[in-house]
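Coordinate inspection notes
If you want the building blocks of each chain, they are given just below.
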Amino acid sequence: MYRARRVVLRLATGLAALATLSGIITPASASPHEASRTGARQYTADDDHTAVWSRADALKLKQDRTNTAPRVSPDFPVMTDKVWVWDTWPLTKLNTQTATYKGWHVIFSLTAPRSVPFGDRHWYAKIGYFYSRDAKSWKYGGDLFPAGTSFGSREWAGSTALIGDKVQSFYTASGRDNGGVDPSDALQRLAQATGKIHADKNRVWFSGFRDHRIIAQADGKLYQTLEQSQQGPIIYAFRDPFVFRDPRDRKIHLLFEGNTGGTAGSYQCTKRDLGDLPAGHEVPEDSKYYTGNIGLATADGDSMENWKLQPPLLSANCVNQQTERPHLIIRGGKYYLFTISHKFTFAPGLSGWDGLYGFVGPGLRSEYQPLNGSALVLGNPEDAPTQQYSHYVMPNGLVESFIDTVPTADGGTRFGGTLARTLALSLKDDRTRLAGQLDYGFIP
């Protein structure tokens, strides 16, 4: 435990740094007039245009001091000794802005008991919540959903929106319903539940969340089904719903991670997928198995009763199999689309880093271009390749993530399962750079 004086000093430092950096990324805002100045074509949400992260783009991946995360110290503090903590997101409004309730900051995390081996935590995952007055001294509130109410055999990442005092929670129903602990069960569906938030001067709690609904499943055409994926050799995805209202069409949408529809291995890399490749670059045959995309679903109204699957916003065919936890912010009429990915999910003949990747376009469905020319925004250092993951960019320019596995001085490793230091991101047009580092788990 830290001494009180040290906590106060570190919080003051974090707040001062945030004030200094507050202009890095402005709050989400957009208008059709701003968009028209970008000069690039836009499409409606239900159009079939899909932007691409091309192989030529990915060949430009390169690390330097502007996009490499600082080393995580092996003596990092742990936010709770009760549960492992990994994928984390704040309570937001539908405009993607972080929300508070009666002075409380609230975040949601995938959690599992610390009695479970760190590597097995995914198969026990439940969405837990934390609350704080200062946006960093988090109190663990327990599971968000009442026991036995959620779909699947574990709860994977999603998003949570505050509308009045009601909370709309979206999550991944991972595994078969009541399927137990089964790492071979890769079924994934998008689910929704409604609850209510409560707070007094001492704590935050929730009620409701008893009626859950499956709102989207892979259709096999736009998005690969589990059965289609099983013909291939690599991890499958239909998960990570992120809810928001587009300020242009005023509709409520979900982003999510998927794979291109069709039987694994049947996809043929197109010229558009490959881009303008350098002379001599050969595309390995097995690249056809790597078909990650960022999907879209649209609600039929503010009640969010029904959802329609739309064509993907962006594909990474023949580039990467995983475009995890997609989310966006809107600045100056431009849409900044972020995702996370692993080194091991890049297609053969390509290499990247565990970390944060991003794209920019003039509208929700538009011709997104990779930030920094390659899409790399923040990657782990070479000497700590798995130190942190699941980055989430907030409209204030701060990036939170969790600590994964950190090398120690004696040649060993220390498992994290707790929030990493928050990083500040500078964003200007189609360029980003690391601008600073704040305290552990600082999510204002």
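Just above sits the structure.
Here we summarise the structure given alongside this text. Computed from a predicted model, the values in this text were never measured in an experiment.

1. What to know about the overall build of the protein
Within the protein, the regular secondary structure consists of five helices and 26 strands. Taking 22 Å as the expected radius of gyration for a compact globule of 444 residues, we find that the protein reaches 21 Å, a close match to that expectation. With the C-alpha coordinates of the protein rotated into their principal frame, the extents come out at 60 × 50 × 45 Å. In the protein, buried positions account for 58% of the 444 residues. Contacts in the protein between residues at least 24 apart in sequence constitute 67% of all its contacts with a sequence separation of at least 6. Averaging the positions of the 49 positive and the 44 negative side-chain charges in the protein gives two centres separated by 7 Å.

2. Looking at the sheet that holds strand β15 (residues 307-317)
Read from one edge of the open sheet, five strands run β2-β15-β14-β13-β12, paired in mixed fashion. Here the strands that pair on one side only, and so sit at the sheet edges, are β2 (51-52) and β12 (239-245). Bridging between strand β14 (residues 291-299) and β15 involves eight bridges; their strand directions are antiparallel. Bridging across to β15, Thr291 finds its partner in Asn317.

3. Overview of the pattern of salt bridges
Oppositely charged side chains can pair when the atoms bearing their charge come close. According to the stated counting rule, one finds 15 salt bridges in the structure shown. The partner of Glu285 in a salt bridge is Lys288, and the shortest N-O contact between them spans 3.0 Å. A residue is classified by how much of its surface remains accessible, and Lys288, at 16% relative accessible area, is buried. Salt bridges sharing common partners tie together Arg239, Asp240, Glu257 and Glu324.

4. A closer look at the packing of aromatic side chains
Tallying each qualifying case throughout the model produces 22 aromatic pairs. Taking 5.4 Å as the distance between ring centres and 45° as the angle between the ring planes, the aromatic pair formed by Trp53 and Tyr357 counts as tilted. Of this pair, Trp53 sits in the loop between β2 and α3 (55-58) while Tyr357 is found in strand β18 (residues 355-361), placing the two residues 304 residues apart along the sequence. Neither Trp53 nor Tyr357 differs from the other in exposure class; each is buried.

5. Structural notes on unusual backbone geometry
In this structure, Asn178 is a non-glycine residue whose phi angle is positive, near 55°. The residue Asn178 is located in the loop between β9 (166-174) and β10 (188-199) in this model. Even without glycine at this site, Arg250 takes up a positive phi of about 65°. With respect to the element layout, Arg250 can be found in the loop between β12 and β13 (252-259).

6. Comments concerning the sheet that holds strand β11 (residues 204-216)
Ordered by their spatial adjacency, four strands build an open sheet running β8-β9-β10-β11, and the pairing between neighbours is antiparallel. The sheet terminates laterally at β8 (154-163) and β11, the two strands that pair on one side only. Recorded for the sheet is a direction-independent mean angle of 25° between the axes of neighbouring strands. Note that β8 and β9 share eight bridges and pair antiparallel. Bridge pairing in β9 links Ala161 to Gln168.

7. Points about the state of the cysteines
In the structure shown here, the tally under the stated rule is one disulfide. Two residues, Cys269 and Cys318, share a disulfide whose sulfurs are 2.0 Å apart. Here the S-S torsion is close to -100°, and the disulfide linking Cys269 with Cys318 is therefore left-handed. Of this pair, Cys269 sits in the loop between β13 and α5 (271-274) while Cys318 sits in the loop between β15 and β16 (324-331), and the two are 49 residues apart along the sequence.

8. Observations regarding the environment of Trp89
Inspection of the secondary structure puts Trp89 in strand β3 (residues 83-90). Note on Trp89: relative accessible area 1%, which makes it buried. Residues Trp89 and Gly232, 143 residues apart in the sequence, show an inter-C-alpha distance of 31 Å. The contacts of Trp89, once residues within four sequence positions are left out, are Ile107, Phe108, Leu110, Ile127, Ala157, Gly158, Ser159, Thr160, Arg325, Tyr392 and Glu400.

Rules used in this analysis
Residues numbered from 1 in each chain as written. Predicted model: local features only at pLDDT ≥ 70, side-chain atom pairs only at ≥ 80, totals over all residues. Heavy atoms only, no water. Helix = DSSP H or I, 4+ residues; strand = E, 2+ residues; numbered from the N terminus. Rg over C-alpha atoms; globule rule 2.2 N^0.38 Å. Buried < 20%, exposed > 50% of the residue type's maximum accessible area, 1.4 Å probe, protein only. Contact = heavy atoms within 4.5 Å. Lys, Arg positive; Asp, Glu negative; His and termini not counted. Charge placed at Lys NZ, Arg CZ, Asp CG, Glu CD. Pairing = 2+ DSSP bridges. Salt bridge = Lys/Arg side-chain N within 4 Å of Asp/Glu carboxyl O. Phe/Tyr/Trp six-rings, centres within 6.5 Å; stacked < 30°, edge-to-face > 60°. Axes fitted to C-alpha atoms, helices over the stretch in contact; angles between N-to-C directions. Disulfide = S-S within 2.5 Å.

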